[in-house]
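Here are the chains, one letter per residue:
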Amino acid sequence: MVGYDPEAKCVSTAEAAVAGSASGFVTRVLVSPLDVIKIRFQLQIEQLSSRSPGAKYHGILQAVQRIFQEEGLRAFWKGHVPAQLLSVGYGAVQFMAFESLTKLVHNVTSYNARDSFVHFVCGGLAACTATVAVQPVDTLRTRFAAQGEPKIYLNLRHAVVTMYQTEGPRTFYRGLTPTIIAIFPYAGLQFSFYNILQQFSEWAIPAEGKKGGNVKNLVCGSCAGIISKTLTYPFDLFKKRLQVGGFEHARAAFGQVRMYRGLLDCMRQILREEGPGGFFKGLSPSLLKAAVSTGLIFFWYELFCSLLCTLKSTDSTTRKEG
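Analysis parameters
- Residues numbered from 1 in each chain as written.
- Predicted model: local features only at pLDDT ≥ 70, side-chain atom pairs only at ≥ 80, totals over all residues.
- Heavy atoms only, no water.
- Helix = DSSP H or I, 4+ residues; strand = E, 2+ residues; numbered from the N terminus.
- Expected span 1.5 Å × (residues − 1).
- Contact = heavy atoms within 4.5 Å.
- Phe/Tyr/Trp six-rings, centres within 6.5 Å; stacked < 30°, edge-to-face > 60°.
- Buried < 20%, exposed > 50% of the residue type's maximum accessible area, 1.4 Å probe, protein only.
- Lys NZ or Arg CZ within 6 Å of the ring centre and 35° of its normal.
- 1 Å grid on protein atoms, 1.4 Å probe; cavity = no way out; pocket = protein on both sides within 12 Å on 5 of 7 lines; lining within 4 Å.
- Points joined across faces, edges and corners; volume = space filled by probe spheres on them.
- Nonpolar A, V, L, I, M, F, W, Y, C, P; charged D, E, K, R; others polar.
- Axes fitted to C-alpha atoms, helices over the stretch in contact; angles between N-to-C directions.
- Parallel < 35°, antiparallel > 145°, perpendicular 65-115°, else oblique.
- Left-handed = near helix turned anticlockwise from the far one by under 90°.
- Polar contact = N/O pair within 3.5 Å; in protein donor to acceptor, adjacent residues only side chain to side chain.
- Core = buried A, V, L, I, M, F, W, Y, C linked by side-chain atoms within 4.5 Å.
- Patch = residues over 30% accessible without salt bridge, like charges linked within 9 Å, V, L, I, M, F, W, Y side chains within 5 Å.
- Areas by Shrake-Rupley, 256 points an atom, 1.4 Å probe, with all protein chains shown as cover.
- Salt bridge = Lys/Arg side-chain N within 4 Å of Asp/Glu carboxyl O.

Trainee: Can you help me understand helix 2 (residues 60-71) in this one?
Mentor: Because each turn of an α-helix spans 3.6 residues, side chains separated by three or four positions in sequence point in the same direction. Compared with the 16 Å implied by 1.5 Å per residue over twelve residues, the 16 Å span of helix 2 between its first and last C-alpha is a close match. Here the buried face of helix 2 lies against helix 1 (13-43).

See below:
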């Protein structure tokens, strides 16, 4: 169902956008706590170890306990409003662009729209398009998830006005360069591996065992998320570090803070002060989140597309009978 299929012309571009938005919305509610923990890990300068002096967070369970004790249960959904705007907008643009691009490739080239390489290229381009569209919201989400107590930003409107007045409009696109560099291969690998795993499951699973299609979509999506996140993770960390630039005063409660002049300076400082392992801080919750979120995204997208197809076929049957 993901990507244009000339043999099953069921979901239109607009319907793909609706299904993508819905899948993003549901998934965001479920994975927000993992996202908050991941961002906290990524922004911590100190080593993620109990042996590191001044380290606020040591591991996933310890971070969960500390955030809950200091900030309460709602802290795991900090920045949820901009995060939902991000997920809904990103899901709509990404899947709409992906369906359109795979259809275009099928109609104007000799490539098969179901080919894994086509899914890699189209998935990467679709994600880049969606990223540019929602980058300001992503920056807001990161700021909200990163701030401690007392809060610097009281609500979404206050954050937008404050950032615009104190840092200018360009601040909403902080971290865009590493994001674009990382998102193309990340999303491309997601769509490509999802396609490969789906094809493999079609070959490996006997016909009588193919009834659990939704579970298969969830498993294939989760595996695709783990593979793609591992291969592209450092750029996600660079993006988060750059997005909180100019926001250092709100990070004081979490430990040391650093200022970066750009992507290369960020890479140099992390390598010098934190070592190669610094590029993979927060990988554990990130992989957990990638497995859950990617699996759920594809699971819900396929499910919503199936529901839309069912509704269309039911409506068509009703009209014929009428």
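Trainee: So what exactly am I meant to see when it comes to the packing of aromatic side chains here?
Mentor: Think of a pair of aromatic rings as described by two things: how far the centres are apart, and how the planes are tilted against each other in angle. Evaluated as defined, the whole model comprises 13 aromatic pairs. On the numbers, 4.1 Å between centres and 25° between planes, the contact of F98 with F191 is stacked. Residue F98 is found in helix 3 (residues 80-108), and its partner F191 is found in helix 6 (residues 176-204); the two are separated by 93 residues along the sequence. As far as burial versus exposure is concerned, F98 and F191 are alike and both buried. Ring pairs connect the aromatic residues F95, F98, F191, Y194, F298 and Y301, which therefore count as one cluster. Its end group placed over the ring of Y186, K229 keeps NZ or CZ at 4.6 Å from the ring centre.

Trainee: Just checking my understanding: could you explain empty space enclosed by the protein for this structure?
Mentor: Using the criterion set out here, one finds three cavities of 30 Å³ or more in the structure. The computed volume of the largest cavity comes to approximately 750 Å³. If you go around the largest cavity, you meet 38 residues; those closest to its centre are R28, Y90, I183, Y186 and K289. Contributing elements (two or more residues each) for the lining of the largest cavity: helix 1, helix 3, helix 4 (116-146), helix 6, helix 7 (213-243) and helix 9 (283-321). Across the lining of the largest cavity, the residue classes tally to 14 nonpolar, 15 polar and nine charged.

Trainee: Teacher, can you tell me more about the packing of helix 4 against helix 6 here?
Mentor: What describes two packed helices is the angle between their axes and the distance between those same axes. Axis separation between helix 4 and helix 6 bottoms out at 7 Å; the angle between their running directions is 140°. Here helix 4 is positioned oblique relative to helix 6, judged by the angle of their axes. The handedness of the crossing between helix 4 and helix 6 is right-handed. Along the lines of polarity and charge, the residues of the contact of helix 4 with helix 6 split into 15 nonpolar, ten polar and no charged.

Trainee: Is there a simple way to think about the environment of Q190 in this case?
Mentor: By the element assignment, Q190 lies in helix 6. By relative accessible area, which is 10% here, Q190 ends up buried. When the C-alpha positions of Q190 and L218 are compared, they lie 13 Å apart, and in sequence the two are 28 residues distant. The residues contacting Q190, other than those within four sequence positions of it, are A224, S228, T294 and F298. A polar contact is formed between the side chain of Q190 and the side chain of T294, at a distance of 3.0 Å.

Trainee: Could you clarify how one ought to interpret the nonpolar core in this entry?
Mentor: One recurring pattern in soluble globular proteins is that nonpolar side chains are buried together. Grouped together as the largest cluster of nonpolar side chains are 17 residues, with contacts concentrated most on V2, F98, F191, Y194, F298 and Y301. At the level of secondary structure, the elements contributing two or more residues to this core comprise helix 1, helix 3, helix 4, helix 6, helix 7 and helix 9. A total of four residues in this core trace back to one element, the largest contributor, which is helix 3. With near-sequence residues (within four places) excluded, Y301 lies in contact with V2, A16, A19, G20, S23, F95, E99 and L296. Among the nonpolar cores identified, the runner-up in size contains eleven residues, and Y90, A127, V137 and A187 belong to it.

Trainee: I tried to follow a nonpolar patch on the surface on my own but got confused; where do I start?
Mentor: A cluster of nonpolar residues, F25, V29, L30, F68, L73 and W77, forms a patch on the protein surface that exposes about 570 Å² of accessible area. Looking at the nonpolar patch, the element that brings in the most residues is helix 1, giving three residues. Tracing the sequence through the fold places W77 in the loop between helix 2 and helix 3. Exposure remark for W77: the relative accessible area of 32% places this residue in the partly exposed category.

Trainee: I would appreciate a short explanation of the pattern of salt bridges in the present structure.
Mentor: Pairing of side chains with opposite charge becomes possible as their charged atoms draw close. If you walk through the whole model with that rule in mind, you get 18 salt bridges. Between E70 and R66 there is a salt bridge; the shortest N-O distance is 2.8 Å. On the criterion of helical spacing, the pair formed by E70 and R66 is a turn pair, its members being four residues apart in helix 2. Given the relative accessible area of 40%, E70 is considered partly exposed. When the shortest N-O distance is used, the salt bridge between E71 and K78 registers 2.6 Å. The exposure classification of E71 matches that of K78, with both residues buried. By sharing partners, the salt bridges in this structure join R28, D35, K38, D138, K229, D236, K239, K240 and K289 into a single network.

Trainee: I keep staring at the side chain of K229 and nothing clicks. Help me out?
Mentor: Within the fold, K229 resides in helix 7. If we skip the residues at most four places from it in the chain, K229 touches Y186, D236, S286, L287 and A290.

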